[in-house]
Every structure is written in structure tokens, then in C-alpha cells.
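Topology and contacts: notes
Below, each chain spelled out in residue letters.
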2 protein chains.
Amino acid sequence: MSARLIDIARKTGYSVSTVSRVLNQKPGKYPVHEKTQKQILAAAEELGYRPNIIARNLRLRKTREIGMVVPDISKRFFSFLVKIIAKHLREFDYKMIVYDADEDTGIEKDAITNLLAKKVDGLIVCPVGVESRHLEQTIQSGIPFLTMDRCFEHLKADSISVDNYNGARIAVEYLIAEGHHKIGVIHGLQGTWPNEMRLKGYQDALKQAGIKAEKRYNQCDSFGTFNGYLEMHQMLRLDDPPTAVFFAGGYILLGALKAIREKNLNVPRDISFITFDDPTYAMQLTPPISAVAQPIEEVAAMAVKLLLRRMAEPDADIENVLLQPQLIVRDSVAKLI
Amino acid sequence: MSARLIDIARKTGYSVSTVSRVLNQKPGKYPVHEKTQKQILAAAEELGYRPNIIARNLRLRKTREIGMVVPDISKRFFSFLVKIIAKHLREFDYKMIVYDADEDTGIEKDAITNLLAKKVDGLIVCPVGVESRHLEQTIQSGIPFLTMDRCFEHLKADSISVDNYNGARIAVEYLIAEGHHKIGVIHGLQGTWPNEMRLKGYQDALKQAGIKAEKRYNQCDSFGTFNGYLEMHQMLRLDDPPTAVFFAGGYILLGALKAIREKNLNVPRDISFITFDDPTYAMQLTPPISAVAQPIEEVAAMAVKLLLRRMAEPDADIENVLLQPQLIVRDSVAKLI
DNA sequence: TTGTATGCGTTATCAC
DNA sequence: GTGATAACGCATACAA
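Conventions used here
Per chain, the residues get numbers from 1 upward, laid out in the order the sequence is written. All chains are assigned letters beginning at A, and all ligands numbers beginning at 1, according to the order in which they are written. Since the coordinates come from a predicted model, pLDDT governs what is reported: local features require at least 70, and pairs of side-chain atoms require 80 or more to be given and counted, while whole-chain, interface and lining totals use all residues. Excluded from the side-chain calculation are hydrogens and water; included are all heavy atoms of the structure. Any residue with a heavy atom positioned within 4 Å of a molecule or strand is treated as near that molecule or strand. For this analysis, a polar contact is any N or O atom pair within 3.5 Å, provided that within protein one partner can donate a hydrogen and the other can accept it, and provided that sequence-adjacent residues contribute only side-chain to side-chain pairs. Segments assigned H or I by DSSP are reported as helices when at least four residues long, segments assigned E as strands when at least two residues long, and all are numbered from the N terminus. In this scheme, a helix's expected span is set at 1.5 Å multiplied by one less than its residue total. Geometry is summarised by axes, namely lines fitted to C-alpha atoms with helices restricted to the contacting stretch, and by angles between N-to-C directions that run from 0 to 180 degrees. Roughly parallel here means an angle under 35 degrees, roughly antiparallel means over 145, roughly perpendicular means 65 to 115, and every remaining angle is called oblique. When the near helix sits turned anticlockwise from the far one by under a right angle, the crossing is termed left-handed; a clockwise turn instead gives a right-handed crossing. Note on contacts: a residue pair qualifies if any of its non-hydrogen atoms lie within 4.5 Å across the two residues. Three classes are used: nonpolar for Ala, Val, Leu, Ile, Met, Phe, Trp, Tyr, Cys and Pro, charged for Asp, Glu, Lys and Arg, and polar for all others, with Gly counted as polar.

With respect to the protein's contact with DNA strand D
- Taken together, 28 residues sit near DNA strand D, with Leu5(A), Tyr49(A), Arg59(A), Thr18(B) and Arg61(B) positioned nearest.
- Separating a base nitrogen of DNA strand D from a side-chain N or O atom of Arg59(A) is a distance of 2.2 Å.
- His33(B) places a main-chain nitrogen or oxygen 2.8 Å from a phosphate oxygen of DNA strand D.
- Of all elements in the fold, only helix 2 (16–24) and helix 4 (53–60) of chain A together with helix 2 (16–24) and helix 4 (53–60) of chain B reach the threshold of two or more residues within the surface near DNA strand D.

Here you go:
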């Protein structure tokens, strides 16, 4: 068993409160005799004293912990987000407790419940994205709360996300500008906010250019690699396949590339590709794939800023921040004009 | 403020202890009147009671939490490991608290200290890998403890890792079997266990085949993409560059591919590649890259098994488990014979 | 400058 | 069956 305040107290002959005061060192708050301090500090060192955080948290009714829930930590977007946010929080002397919801609203709900029961000082949730009732309840609990990425429009809470709509739109507008008219889309999980926004961006870009959105050019299922693989094959089986395809996520792209290889086709000679997300490998592929990059670091920084503001001013106006993604042109789109 | 036991007690007229008993429901332990139970359960429901985990943990001196520290959660190897381990632990009703050490031993040390102070029931550390004194101290504290991946040989603790030595060895033996003699290596951070083991595997494979390990064919710096890029360029500048290169990590490969593209060279026509690690994109590259895959899921499962065993039997013999990686042959190695 | 007493919310031991 | 009561380890208001 590790040393407690009372062990130091006994060893030095002082009381627990004196020991506590010395070890916490509120600047100039309580004056303690210098000799006393030295003895106590020495004893603490010798016993290897480490404060019991549980007891302290219970007493202070503060934890200096921020809870975070992500739908899939094995995806780089989220693990990187987690990393950067944790790093920022560290500067403010906050720890982060992350839970992986494994794309399951039930687990997400449990995670939030647990975090609330752990009395974290703030909560960041990247919702799985299909249900939000439990989030409403969480907001009611009054905890400083922030949704990220797969936000819900109706939720009365701060939020930060990437402008999925506009990102998709500039990607497709770029394809059109290069002379493409038969443009396909392979998107991800229906009903999720980013997916719907990306799809809408695609559709609006076509509409604006006077191009009809063909149903057969529209495939979807999930954001996974296997989905990309299957749907790409399906699209290639069409009598008049599209000349260019927009992918709603980097994993979809990966699967589509596999399908392309199997058909011995060449990008961009036979078909042009552009993807939402800019995974690390995109620029290393042959050819390097043009992409719409999400500003993850800015998202992380803004998240911390918003949450800390909410913690400092619980009654501040709700902010819903939308960050702009960036088009990165590489060599995967053929110029048709 | 959320409801406490005492709020339910006041509302129903029963005492705190009765309320606690009902809410914890030890099977057949304490008999409580059925009517009482119903009233209390109803009141709890109505007040939205959630037990305060901090108070409970303090009282029970158990947290049902496992701490985990990884050097870089944004790397897929670790984020995936975290995900799978957390999933397994969930089945045993344990939560996981993960911290990212950001490849910094100082942060790793702080993280461990904090986890210990939080009184987690067990601790899994994937060490940054350059220093281990603080790990020895951790072991002394008596907490069920496990190192993973970048283990230290001298540490008296359970450990689980991939056989980096053998993985590198079978990769290089494969290159030799295909007729290569001028074989380069670009490895990662010197002094870390996986790196040294992979390097030694490379060297021993050459030695066994009677091939001298040329110093100019050996480059290193870190496991990063940029390192791979620079070192590959350097190797290509040699008068007689190697005909095949073994990379100690998937990110290094990515950088090397970029260098290759810039020189307008072709894999495997001009040079052959094989890499340790099998990142998701390896099979989608052109050509698909042959690789040595780490059995991440087995590692995760074994980690949980070892830790739970240690928690159940603190005095069991120390186990150091080594799992075998697997050679995955794709199209990135030319047959020279 | 230091000590005493109290409470944070829970569970467990004991008595009734 | 149920209720007082005492910890768990810490930080603070108040006394001395």
C-alpha cells in the first residue's frame, strides 16, 4: 500500500492538515514554518508519497479530467484528433479520458454515462451519428459539452466540424471544371451527418452545372474499404461507367483502387478519382490521389478553445463552428477538355 | 447536481444503507422487502440516480480500470491495439484509461504516475523504449503490470511482443531466396528494442547466407515517413545501389516510395521492396508491397490474458511471450534467378 | 504557525 | 429487514 498523508503526519509528528498544506503549497495562502516544510517534504520524498487522486477528486468535486468519446479510434482521423486534443489539454493541466464507441450507439451511451459518473469536468463527443436522444439528456445534465465531426443540427450545444458540404462541392466542381460530366459517387454510412453533407455537396455541384445526378452513379453502404471495393466493381459493370468518381472517405478510395487494379484499368487514363479525406498514403499512391483534406489540427485546437470557454462561461452563447477543408490537386484526375 | 443515495433515502423514507443494498443487488446476500425494493428502484429511476464512481472507488479501493500508455496513439498499430484490448476488457467489465506518451519518456513517466495515483487495477505500458528506470519503480509498486511491443529484456515483468528478430529474418531470407545479394536496410529509431531486433534479424539473415553486411546499405534515423524519403534518396545516390531494400516500418516504406517516384524508378523492376508491418494501404499500392505482418489481434488478446492472470495470481511466474509475424508475399520483389 | 473537526458519496459491519 | 455508524484519503473552515 502506498503512503498516505497520515503516514507522513505520523512520521514527522505533525498533523494531517499541516502535511496537506505543505504538499499543496498554495502560494502565500497558509504560512508554514520553513523547518516544518523541509521535514514534511523530506518525509514525503522518503515514503514516495503520491496523492490519491480518487480521494482528492471526491473532496474537491473537480477532477481536471475531460472525457472524450470517438466512434472508432483505430481510424487515423480520430486517433490523431485524440492525440492533438490531449496535447493541448495537457498545457492547461487537464487529462483526457478517451473511450472508443466502436461505431455502436449503445456503447457510446454507456461511455458517456460512465464519464458523467466519473465526474469529468467537460465532455467531447464525436457521435456515432445515428441517434442523439442520449446526447440531449447529457446536455440537460449541465456538463460543459461539445460535439465534433458527426454533429446533429438540432442539438443545443457547441459543436465543431469540417464543412463536409463545401468540401464535397469543391471536389466535384473541380471534376466538372476538368471537363467531366459523368461523375459517380461512392459514399458511406447513410443517415450520418458527414455522409449526407458530402452527398449533398456532390449533388448541388452537379445541379449548379446543369448535370443530372444519375441514380446508377450513386453507390453507398459504409465508410469501409470493402464497401469501396464492392461498389466500385458494381459501377464498372455499367454499360456507360462514369469518367470520374468522388469518394466520400479515404478507406473507400482504397477499396476502389483494388477493384481498378483487378480490372487492369489505369487512373487517371481510364477513370479519374478524387476523395474526401487526405490519408497519409494518398500522395504515395500511383498516381498520387487528389483529395479534400480535413484541417484536423485546427479542428482540435478549436475544440479545446470552445470547451474551455464553455467551462469558464457556462452561459455563453452556443457556437457552431464550421472549418473549411482544402482541395489538394495531384495526378488522379484527367483533363477532358 | 446529480442525485445521491441520500436523496433517494430522503425521498423514500428509508436509510442510505438500505438504498445502497437495493441498488447493488448482491444475489441473495441481504434480503430486502420486495415492496421496499420497488419504491427505491422507482425513486432512483425518477431522480435519474447514477452512482458516483469516485466515491465508490475510494470506498472499495478498487476501480475496475486498467491503465494503458502508448508511445503514439496516432499510429495505427497502437490505436488498433488500444481498441481491441479495450474491447476485450469490456467483456470482463473493466474500463481502460489510455494515455499517449507522444514518444516522450517524461510524459510516459507522468502518465504512469497519474495512473498509479488513480489506483487503476492494472497497467499496460508500451514503453517509448529508450529508458526503463521508471518502469522498474512501477514494478516495485506491486501493481499488476505488463509491457508490450517495445519491451526491455531485463525487466522483471510479464511482457508480450512480436518476434521482431524473426520477422526481419524471414523477410530478408525471402529476398535472398529470390536471388538478391545486395540488400539494403532502412531502419528506425536506434536504441529501441524493435529496431535493434529487426536490424539484427536482417544482419543474421545475411550472415547465414554468407553475405557481408555493407555499411553503406544501412541507413537509419526514425520510423517516420520523412526518414524513409531521405534515406532512400541517399541509398539511390550510391554507385552500386542495392537491388532490394528491407524497411523496418510501414511509414518508412511510404517515404521510400516517394523517393522512388521522384527518380522515375519502378518497383520491382529497378529495385525490390519489402517492409516490416503490413499497413492497410500496402496491398493497394502499385505494386502491392510484400510485408511482414504483425498479429495485432493475437497480441491484444494475449495481453489481456496475461494481465488478468497476473491480477488473479500476483505470484505466478513471469511470462515473456513472443508472437510470430507472418510473411505476406505480394508483387514488390523481383526474382533474380 | 499548527491542530481539530467535518464532509465529499459510497459500501460494509454490526446491531436491532 | 432495516438502520446507525465507520471508514476510504484528502482538503479546508475554523479554533487555538
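Structure shown, so let's carry the discussion forward.
Brief notes about helix 8 (residues 164–177) of chain A
- Taking 1.5 Å as the rise per residue, helix 8 of chain A with 14 residues should run 20 Å; its terminal C-alpha atoms sit 20 Å apart, in good agreement.
- Where helix 8 of chain A ends, the next residue or the one after it, Gly179(A), has phi of about 100°, a positive value.

Here's the deal with the packing of helix 5 (residues 76–91) of chain B against helix 12 (residues 296–312) of chain B
Residue and element names in this part refer to chain B.
- Running from amino to carboxyl end, helix 5 crosses helix 12 at an angle of 45°, the nearest separation of the two axes being 9 Å. The angle between helix 5 and helix 12 places the two elements in the oblique class. Seen along the crossing, helix 5 lies across helix 12 with a hand that is right-handed. Between helix 5 and helix 12, the contacting residues are Phe77, Phe80, Leu81, Ile84, Ile85, His88 and Leu89 on the first element and Ile296, Glu297, Val299, Ala300, Ala301, Ala303 and Val304 on the second.

Digging into the protein's contact with DNA strand C
- Contacts to DNA strand C come from 29 residues, most closely from Ser17(A), Thr36(A), Arg59(A), Arg61(A) and Arg59(B).
- A share of 64% is what sugar and phosphate atoms reach among the atoms of DNA strand C within 4 Å of the protein.
- Tyr49(B) places a side-chain nitrogen or oxygen 2.7 Å from a phosphate oxygen of DNA strand C.
- Within the residue set of the surface near DNA strand C, elements represented by two or more residues are helix 2 and helix 4 of chain A together with helix 2 and helix 4 of chain B.
- Counted by class, the surface near DNA strand C contains 11 nonpolar, 10 polar and eight charged residues.

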